[in-house]
Amino acid sequence: KVLKVYPPIQVTAWSYNIAAVFMVVLAYLSSLSDELMSFLCPDCQSTWTIPTGAVWALAYAIVFNSVIAYGLITWANQFATGTLVIGYSVL
C-alpha cells in the first residue's frame, strides 16, 4: 500500500533513515560496555578507533554492499514486486 502512495525511492529512503537511527542508538549503547567492545574488536585501542588494516575493507563494504546495492534494490522495486526483488537480493 505504501508504494502506491509514495515513490519507491522515498519509501526506501525513509526505511534506511529509520534503520540508521536505530543503528546509532545501538552503537552508542554497545560502546558503553568495555567487555562488549573488546569482544567485538579486540584489536581496537579505543571504542571509536578503526584499525588501519580495516579501512579499505570498511570503505568497500560501505560503497558496494550498501550504497550501490540499496540503489539497485530501489531501482528494481520500480519494475518488479517487492517479494521478487527481495528474493533475488540475497543471491
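Please read these numbers as outputs of a predicted model, since none were measured by experiment.

(A) Structural view of the overall build of the protein chain. From N to C terminus, the protein chain includes five helices and zero strands. Secondary structure elements of the protein chain, listed N to C terminal, follow the sequence α-α-α-α-α. In terms of overall dimensions, the protein chain is more spread out than a globule: its C-alpha atoms have a radius of gyration of 17 Å, far above the 12 Å expected for 91 residues. Judged by the C-alpha coordinates and their principal axes, the protein chain covers about 50 × 25 × 20 Å. Sorting the 91 residues of the protein chain into buried and exposed places 8% on the buried side. Surface accessibility of the protein chain: about 7,700 Å² in total, with carbon and sulfur atoms responsible for 72%.

(B) Quick peek at the side chain of Thr74. Relative to the assigned elements, Thr74 resides in helix H4 (residues 55-77). Under the relative-accessibility criterion, Thr74 is labelled buried at 6%.

(C) Here's a closer look at the environment of Phe79. Mapped onto the elements, Phe79 comes out in the loop between H4 and helix H5 (82-89). Relative accessible area serves as the criterion here: at 61%, Phe79 is assigned to the exposed category. Considering only alpha carbons, one finds Phe79 and Tyr60, 19 residues apart in sequence, at a separation of 28 Å.

(D) Structural detail: H4. With 23 residues, H4 ought to run about 33 Å at 1.5 Å a step, and its terminal C-alpha atoms sit 32 Å apart, in line with that. Along its length, H4 shows its largest kink, about 25°, at Ala69.

(E) Expanded view of the packing of helix H2 (residues 8-31) against H4. The interhelical angle for the contact between H2 and H4, taken along N-to-C directions, is 140°, at an axis separation of 9 Å. It follows from the interaxial angle that H2 and H4 lie oblique. Taken as a pair, H2 and H4 cross one another with a handedness that is right-handed. Where H2 abuts H4, its residues Pro8, Ile9, Thr12 and Tyr16 lie against Tyr70, Thr74 and Asn77.

(F) Molecular detail of the confidence of the model for the protein chain. In this model, the protein chain carries an average pLDDT of 85, and 98% of its residues clear a pLDDT of 70 or more. For the protein chain, H5 is the element with the lowest average pLDDT, namely 78, and H2 is the one with the highest, namely 89.

Parameters and conventions
Residues numbered from 1 in each chain as written. Predicted model: local features only at pLDDT ≥ 70, side-chain atom pairs only at ≥ 80, totals over all residues. Heavy atoms only, no water. Helix = DSSP H or I, 4+ residues; strand = E, 2+ residues; numbered from the N terminus. Rg over C-alpha atoms; globule rule 2.2 N^0.38 Å. Buried < 20%, exposed > 50% of the residue type's maximum accessible area, 1.4 Å probe, protein only. Areas by Shrake-Rupley, 256 points an atom, 1.4 Å probe, with all protein chains shown as cover. Expected span 1.5 Å × (residues − 1). Bend = angle between axes of the 7 residues up to and from the residue. Axes fitted to C-alpha atoms, helices over the stretch in contact; angles between N-to-C directions. Parallel < 35°, antiparallel > 145°, perpendicular 65-115°, else oblique. Left-handed = near helix turned anticlockwise from the far one by under 90°. Contact = heavy atoms within 4.5 Å. pLDDT = per-residue confidence, 0-100.

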